[in-house]
Structures are given as structure tokens and as C-alpha cells.
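The lines below spell out each chain.
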Amino acid sequence: MSILAITVDIVLNSLVLGGVLLIVAIGLNIIYGLSRVMNLAHGSLYALGAYAGFTLVASGLNFFVALLIAPVLIAIVGLIIERTIISPVRKRSIVYTLILTYGLMFLLDGLIKYFWGNEPRFIEIPEFMRQTLPIAGTHYPVFRLVTLLITAAAMIGLMLFLGKTKLGIILRAASSIPEMVSCMGINMTFVHIGAFALGCILAGIAGVISGPLYTIDPIMGHEMLISSFVVIVIGGLGSLRGAVLAAFLIGLVQTLAEFFVTDLAMVIVYMMMAVILALMPRGLLGEGRFE
Amino acid sequence: MSKMDDRTSEMGLKRGTGHPVRIVALLILIACLALFPFVVTNRFYISLVNEMLIYGLLAMSLDVLLGYTGLLSFMHNAYLGIGAYVVGLFLIHISPSSLWLAILAGVVATSLIALPVGWVQVRTGGLAFALLTLAFGMMFYTIVWKWYDLTGGDDGLMGVPHPDIQLGGIVLGNSGNPTAMYLLSLCIVIACFLLTWRIIHSPFGAVLEAIRENEERASFVGINVRRYKLYGWMYACMLGGISGGLFILYRGYIGPTTMSAFAGAGVLMMVLVGGMGSLWGPIVGAGIFIFIQDYISTMTEHWELFVGLVVILLVLFMPRGFVGLGDYLTRFRKE
């Protein structure tokens, strides 16, 4: 392969990886920004999304239909979790919510193992997506390009929702001054529920599209959770622009690292997170804020 | 912080440590534990209680961080793992017979690794600190898992020799013998407990609690918050390294799963079950946890599900754990 082809391959791969990371990380970021709950079970919700997609596709539905239904199912699961488990401890110290969602992560993982077992699964994709497309000397899988399009569509949809609709504006306002928003007569309980549901929808989308990209196994959420932490920490907690930048940066680093030294990929990423946190705790763009 | 935490601090500082009833109770407990291997001669039970003691030490060291300094470490088991691997490697490659040197090497290596990690971590607080412990813990886990030549990767570190336990030139027993190993663990755990108790009830411990209650106010009084957090962190990691040394001596084997995030949640749960901010609570919690784990894992493979459920129920309904239960009972009786 020529240098150009390798470069195109690496760039596209890192965009795909970065895109999936971005969707999960932004969901985590929105939940944290709006309800001050760092949801450690987010990776497991993402895995649950992948399994939901797998079951829907295996039962004969089209991949794209599953892509629409699975996130809604995850959002329903998220709503139940938010109401029963997370809302009672919201007022307590952050240590408690962290431990609680950590427990939730194991509960969800346990449920996944209970229902789907330990063996790896694959989501069947439609015929046309299994082909490859020749780009600049390399044959790139169509499915990965479709993933890229879905990611872009999800991000544009999210931006339009947050920027143009009344609900989105309420959500953004609530993330900067929650007291003021509740003074305007808006019930913050609904804002918390909405944020959690939105985060779950994003986790569900990411789960379904990563189904055919990687294998689905019960621990797929753990690595994703840690990677999305890295993304929101590097981008700055609560900063959306920072998260976009960081997601593609991490995607690139991980792809490059996997290309050259396979085993140390994650170690490099963790080191990056530590360095950024120590030297610039507000993230790359300086927009983040820690409590 | 909430009302609950205020109560904990009251409990930690004002209650006398030298009340005669408590000292007698403690001595009876120690005597029972020391006589245990001579009464129950079943090797299996001796090993089980030994494991409870070792994890109790680890849980207690996490309590110094979580219950007293207010810093959450998700993967404190990483430091047990580092200590265990270093002690194991020391015994295999450098000297198969010097037990004390090996433990010393384990503690020194754990501290050397914990120092830069802690230096980075104390620059943050609360959430960022917790996330960093997760990132570093996963990093150590990945390194141990992938560095096949040194650590044995997935297979774990096998064939660790069992040195004799010597004190002043007299051989007290071999660490491969469950009873001798148990007594060694018991002595070290008691020594660490008393030392930690003394440290926590000194002005230094009060500073740590001040940081837990309100970091900003503590810094206004002139406390160098970062430095004290680092001291607390280093102390907790050193204790973790000691527990790691005992762990490898008792088991003769360690695999990367001991350092996984799941095992980390187990340690956190021991502290929660026992009750934060009491030192002895987490040791009791470790005992309960290991007993239940041993019991349930023989019955069902869906152990994860129970761990998750128990953690959630504990945080929701019994946030002060076993210690809190005792307090409720005494208050109930007074009323």
C-alpha cells in the first residue's frame, strides 16, 4: 500500500473511532453538566444498546430500524434508573453518586451476562454495507463510512436540538445556572429526567453502530467508559466543543498507537489524561469546570 | 457535606480511645484471632480468615483515604497488586529466602510508584481525583496484563517461593504453612491497625478530616491541602503495598484479575459494608464480603449482579454500613 492509502486509512479509522467515542462522551457530559451526576454506568448503557440492537436485528428487523428503536429502549431503561436509583442520592456528596453508579454498572453488566451470556456477538448488517469502496488506493468498508454519516447526523441533530428548540435552550440554561432556571418556573426534576434520557439515547445510538464495528461482549462498556472519561477530561468537563476536539484527538492517538505498538495504545491514552489533568485541569480549550 | 458526615467526624474525634472496656474487648478479640488456627485446624478456614485479614488491611487503608480524607479511589486494589507483584518478583529473581527484605522492597516500590501518581492526583479533588484513580488503575492493570515477560500476563505470576519467617535469627515457621502465615498476617495487620489508629487520632488525622469536611476552609486556616492529601495518599498506598506482600506470601500466586476494576469495586464495597470513617468497620466489612463472596460464588456464576445490587442498596438505605447499624442500636436503646 502506498503512503497515501495508509494515511487515508488511518484518518478515516480515527474519525470513525472518534465519532463513536464522541457520542458516548457527549451523553456522559450532558448528564454531568445538567444533573451533576457522573454516571459510571454509562458504558454499560452503551453495551446494553449494542445488545438491544443485536436482539432487534437478530429478530429480523432492518439495521436502520433497530438503530431507531434501540436508543428509545435504552432511554426507557435510563428513565427507570434515574427515578428509582439516582434521584434519591442527587443531593448527597458526589462520592455517594459515584459509588452508586459504580454499583449500577456492575448490576447492568450482571444483567447483560444473565440474559445474553458471555460469548461475543455480531450485528448482521445489510448486504450493501458489507462491500468496500475504493478511496485513494485503499478499499474502505462501506459500513464504516455509513457509521461516520450516522455519527455526523446524530451530532448535527443534537446541535440543532440544543441550539434551536425551546427544550434544548432550557437544557443549556440549566447547565450554566440551574437556580435561575428553576426560578423561571421550570421544574428541574423534568430537566434531570430529560438530560438522563438524552444521554441514554446517545449511548444507545453509539451502542448500535459499534455493534458491527467491534465485537459485542459484556465488558465492551468498560473500555468505552474509561475512554469517554478521557475524552471529557481532556476536552474539559461540561464543554461540548472541547469534547469534539478531544474525541477526534483520542481517536487519532488510539488508531496511530494501534498501528504502531498494539499493546500500549491504552497506556498512552491514560498517560495523556493524567498529563492534561495535572497541567490544564480545565481541558484543552480551557472551558471545562470541576466542582 | 451532609449531616451524616458531621456525625462521623464527631464519632471519630471525640470518643475516647483508651476506654478500659474497649481495650479489654480488643484484647479478647485479638486473643480469639490468635488462638483461631489452633482451635480450627482446617486449612481451608485458616486461609479464608487469612484472606479476610489481608483484605481488611487493604480496606482499612482505603478508609484512610475515603472515610478520613474524603478522597475516592476506585482502584485501591492496584496498590495491593503492585506490592504483590514486586514482592513476588523479588522472591523469584533476587532472593528466595529473605522475607522481610521482600516486603520492604514491595512497600518501597509501591511508594515509588504511588508518589508521582499521587503528585498528579492531589492537584485535583472530588470527581477528578476519582476519575484519575480509575485511569491510573486501568493503566497499571493493562501494563500487568500485557507485559508478559515480566508478570506472566494472563497466566499470572506463578512459582513464588515460600521463605522462612525469621525474627532475630530464629526461624518461627515457613510462610507456606497456613498457620504460620496466618499468625504473621495477624501480627502485621494488628501493628498496622494500631499505627493507623494512632495516626488518625493525632493532629495529623484531624487535618485530614478537616480536608474532608471543607477543603477551602482548611486551606484558609493555613493547611497545605495538597501536601496533606499527598501524605494521606502515600500512607494508604504503603499499607496497600504491605497487604500485597502478605497476599502473595499467603497465596504464592497472583493474576491480573486481582488488579481489575471489578476487584476494585469489591474493596470499595468492603469499606461500604463495614462503614466509612471508623478504621475497624472496613476490616469487619472485608470479613463479611469475603465470606459472602466465597459462599455465593460456589452457588451462582452471576456474582456481579449481586455485587451491584448490594452496593446500590447499601448506598440508598445504609450509607454508614455496619458501624452505622451499631450506632443506631445504641441510640435506640438509650431512647
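Since this is a predicted model, take the numbers as computed values, not measurements.

The rules behind each value
Along each chain, residues carry numbers from 1 onward, in the same order as the chain's sequence is written. Chain letters and ligand numbers both follow the written order, the letters beginning at A and the numbers at 1. For this predicted model, a pLDDT threshold of at least 70 governs which residues receive local features, and a threshold of 80 or more governs which side-chain atom pairs are given and counted, while totals over whole chains, interfaces and linings are taken from all residues. To qualify as a helix, a DSSP run of H or I must reach at least 4 residues; to qualify as a strand, a run of E must reach at least 2; elements of each kind are numbered from the N terminus. Here the radius of gyration uses the C-alpha set of atoms, whereas the globule reference equals 2.2 Å times the residue count to the power 0.38. Labels follow a simple rule on C-beta atoms placed from the backbone: if 20 or more others lie within 10 Å of a residue's own, it is buried; if 12 or fewer, it is exposed; otherwise it is partly exposed. By definition, residues are in contact whenever their C-beta atoms, placed on the basis of the backbone, come within 7 Å of each other. Side-chain classes are defined by residue name, with Ala, Val, Leu, Ile, Met, Phe, Trp, Tyr, Cys and Pro counting as nonpolar, Asp, Glu, Lys and Arg as charged, and the others, Gly among them, as polar. For every element, the axis is a line fit to its C-alpha atoms; helices are fit only across the contacting stretch, and the angle between N-to-C directions ranges from 0 to 180 degrees. Here roughly perpendicular refers to angles of 65 to 115 degrees, roughly parallel to angles under 35, roughly antiparallel to angles over 145, and oblique to all remaining angles. Strands qualify as paired when DSSP identifies two bridges or more between them. Buried Ala, Val, Leu, Ile, Met, Phe, Trp, Tyr and Cys residues whose C-beta atoms connect them within 7 Å together make up a nonpolar core. Helix span, expected: 1.5 Å multiplied by one less than the number of residues in the helix.

Notes on the overall build of chain B
Helix and strand content of chain B: 15 helices and two strands. Computed over the C-alpha atoms, the radius of gyration of chain B is 20 Å, within 12% of the 20 Å expected from 2.2 N^0.38 for a compact globule of 335 residues. Principal-axis analysis of the C-alpha atoms gives chain B an extent of 55 × 45 × 45 Å. Counting over 335 residues, chain B shows a buried share of 48%. For chain B, the share of sequence-separated contacts (at least 6 apart) that also reach a separation of at least 24 residues comes to 76%.

Quick notes on the interface of chain A and chain B
Taken residue by residue, the interface counts 38 residues in chain A and 36 residues in chain B. Contributions of two or more residues to the side of chain A that touches chain B are made by α4 (94–116), α9 (220–235) and α11 (265–279) of chain A. In terms of residues, the side of chain A that touches chain B owes the most to one element, α4 of chain A, which gives 16 residues. Residues belonging to the side of chain A that touches chain B are distributed by class as follows: 29 nonpolar, four polar and five charged.

Examining unusual backbone geometry
Even without being a glycine, L279 of chain B presents a positive backbone phi close to 65°. By the C-beta count within 10 Å, which is 23 here, L279 of chain B ends up buried.

Structural notes on the packing of helix α3 (residues 43–69) of chain B against helix α12 (residues 261–274) of chain B
All names here are of chain B. With their axes 9 Å apart at the nearest point, α3 and α12 run at an angle of 75° to one another. Considered as vectors, α3 and α12 are oriented roughly perpendicular to each other. Contact residues: α3 offers Y55, L58, A59, L62, D63 and L66, while α12 offers V267, M270, V271 and G274. In terms of residue class, the contact of α3 with α12 is built from eight nonpolar, one polar and one charged.

Side note on the pairing of strand β1 (residues 132–135) of chain A
Residues and elements named next belong to chain A. Bridging between β1 and strand β2 (residues 138–141) involves four bridges; their strand directions are antiparallel. The residue bridging I135 from the neighbouring strand is T138, located in β2. Connecting β1 to the antiparallel partner β2 that follows it, the hairpin turn spans two residues, and A136 within it adopts a positive phi of roughly 45°.

Considerations on the nonpolar core
Formed by 197 residues in total, the largest nonpolar core has its most connected members in V24 of chain A together with A135 of chain B. Not counting residues within four places of it along the chain, the set of residues in contact with A135 of chain B comprises I226, V230, Y270, M273 and A274 of chain A.

Side note on the environment of P203 of chain B
Considering the arrangement of structural elements, one finds P203 of chain B in helix α9 (residues 203–213). Residue P203 of chain B is classed as exposed on the basis of its C-beta count, with 7 C-beta atoms lying within 10 Å.

Overview of helix α11 (residues 225–251) of chain B
Residue and element names in this part refer to chain B. For α11, which comprises 27 residues, the first-to-last C-alpha distance of 38 Å matches the rise-based estimate of 39 Å (1.5 Å per residue) to within 8%. The element α11 is largely enclosed, with a buried count of 19 among its 27 residues. G252, located one to two residues past α11, shows a positive phi value of around 75°.

Some details on helix α4 (residues 77–94) of chain B
Between its terminal C-alpha atoms α4 of chain B stretches 25 Å, which fits the 26 Å expected from 18 residues at 1.5 Å a residue. Of all 18 residues in α4 of chain B, 14 are buried, a share of seventy percent or more.

Here's the deal with the packing of helix α5 (residues 142–164) of chain A against helix α6 (residues 166–176) of chain A
All names here are of chain A. Contact geometry of α5 with α6 gives a least axis separation of 5 Å together with a crossing angle of 80°. Here α5 is positioned roughly perpendicular relative to α6, judged by the angle of their axes. Seen from α5, the contacting residues are F161, L162, G163 and K164; seen from α6, they are G168, L171 and R172. Its residues assigned to classes, the contact of α5 with α6 comprises three nonpolar, two polar and two charged.

Describing the environment of P218 of chain A
Residues and elements named next belong to chain A. Here P218 lies in the loop between α8 (188–213) and α9. Here P218 falls in the buried class, since 23 other C-beta atoms lie within 10 Å of it. Sequence separation between P218 and Y114 is 104 residues, and the spatial gap between their C-alpha atoms is 10.0 Å. Contact partners of P218, with chain neighbours within four places excluded, come to A47, D109, I112, K113 and N118.

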